[in-house]
Amino acid sequence: MRTIQWLHLVLCSVFLLVSSRALADRFADVQVEATELSPGLYMLTGAGGNMAALTGDDGILLIDAQFAEMAGKIEAKLSELAEGQALQVLVNTHFHGDHVGGNAKLAADSRIIAHDNVRKRLQADSNFPAEGLPNLTFSDQLSLHMNGQHILLTAMQPSHTDGDSIVWFKAANVVHMGDLMFEGRFPFIDTNAGGNLQAYMDVTRHVIASIDANTRVIPGHGELTNRAGLERELRMMEATLAQVQQYKAEGLSLEDIINRGLGEQWQDWHWNFITEERWIRTLYQALAD
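Residues numbered from 1 in each chain as written. Predicted model: local features only at pLDDT ≥ 70, side-chain atom pairs only at ≥ 80, totals over all residues. Heavy atoms only, no water.

Bringing unusual backbone geometry into the picture now. Unlike most non-glycine residues, D64 shows phi in positive territory, near 70°. With respect to the secondary-structure elements, D64 resides in the loop between strand 4 (60-63) and helix 2 (71-81). For D64, a relative accessible area of 0% gives the class buried. The phi torsion at Q66 lies on the positive side, around 50°, for a residue other than glycine. Mapping Q66 onto the fold places it in the loop between strand 4 and helix 2. (Helix = DSSP H or I, 4+ residues; strand = E, 2+ residues; numbered from the N terminus. Buried < 20%, exposed > 50% of the residue type's maximum accessible area, 1.4 Å probe, protein only.)

Printed below as a string of structure tokens:
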């Protein structure tokens, strides 16, 4: 009996060790890359949501924080871009872990800004470190002035979640969409957190009407894009929603529609998280609301 218990303890210890190493190493090969959009303003990619960094004499402003395990690599890239400057402000576009996971490690001593509902949702998560909670929140708009830029944080109606914000860099003609844009792929509408597809489409229309052909658009996920990229995403959402609506009018059930699919023209939008099936379920639910 003692031998069996000992073996059990050994196996459990090995499992925990392997699991912790796998967790620590899941981003081992990921590098943080920077694309300069204007002097001192960069789009940063790595693992998780796309970030933006504004550097200058006032210190660093960072949009989103990816996963906690990426914090060291993010710090290294910021140090490379702005040697000697400290992170002064971190903005969270919403509450999902791939955008806020690095909050505590990156910005525990900085100002962390987000929509009111981001703090509420993170505060309700007992696993989220208190030092990573937003310490300045807003419900409508908030203006910041750093490094010669007017940065406007604008809360959007519940779309991806109930705490979405977009960030405008006015002088640079750049907008960070957070997960209100998934460039070239089906978007995630988190209906469990107040997300709504029709509102998501309305927000997309609003941003399209508010920018020009030269505006650089940083999506939450995917490649740097522009107004044409937003228009392409909107056309996809409108067309696939109309397609599912037509199938429903023909009397097809949800499972029938999943089996039929959306056709070849939308296959490139399928990805590992929001597959075609999951997108169809999102469309079907939106039509039932």
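On to the environment of E277. If you trace the backbone, E277 turns up in helix 9 (residues 276-288). The spacing of E277 and I257 is 20 residues in sequence and 9.0 Å in space, taken between C-alpha atoms.

Another aspect to go through is the side chain of S110. In this fold, S110 is placed in the loop between helix 4 (103-107) and strand 6 (111-115). The class for S110 is buried, based on a relative accessible area of 10%. Here the side chain of S110 touches L87 through a polar contact of 2.8 Å, landing on its backbone oxygen. In contact with S110, other than residues within four places in its own chain, are L87, Q88 and N135. (Polar contact = N/O pair within 3.5 Å; in protein donor to acceptor, adjacent residues only side chain to side chain. Contact = heavy atoms within 4.5 Å.)

Bringing helix 2 into the picture now. Listed as buried for helix 2 are A71, I74, K77 and L78. One side of helix 2 holds all its buried residues, which, seen down the axis, span an arc of 125°. Contacts from the buried residues of helix 2 go to strand 1 (33-38), strand 2 (41-45), strand 3 (51-54), strand 4 and helix 4. (Arc of directions from axis to C-beta.)

Adjacent strands of a sheet pair through backbone hydrogen bonds, lying either parallel or antiparallel. Taken in spatial order, the five strands make up an open sheet running 8-9-10-11-12, and their pairing is mixed. Both outer strands of the open sheet, strand 8 (141-146) and strand 12 (216-218), are each paired with one neighbouring strand and no more. Across this sheet, the average inter-strand angle for adjacent strands is 20°, counted without regard to direction. Note: strand 11 (residues 174-176) against strand 12, three bridges, orientation parallel. Across the sheet, V175 pairs through a bridge with V217, a residue of strand 12. (Pairing = 2+ DSSP bridges. Axes fitted to C-alpha atoms, helices over the stretch in contact; angles between N-to-C directions.)

Inspection of every chain in the model, using the stated rule, returns nine salt bridges. Here R26 and E69 are joined by a salt bridge, their closest N and O atoms 2.8 Å apart. Here the residue R26 occupies a position in the loop between helix 1 (2-25) and strand 1, and E69 occupies one in the loop between strand 4 and helix 2, the gap between them amounting to 43 residues. For E69, a relative accessible area of 31% gives the class partly exposed. In this structure, D162 engages R121 in a salt bridge whose closest nitrogen and oxygen atoms are separated by 2.9 Å. Within this pair, whereas D162 is found in the loop between strand 9 (149-155) and strand 10 (165-169), its partner R121 is found in helix 5 (residues 116-123), the two being separated by 41 residues in sequence. Taking the relative accessible area as the measure of exposure, R121 reaches 29% and is therefore partly exposed. (Salt bridge = Lys/Arg side-chain N within 4 Å of Asp/Glu carboxyl O.)

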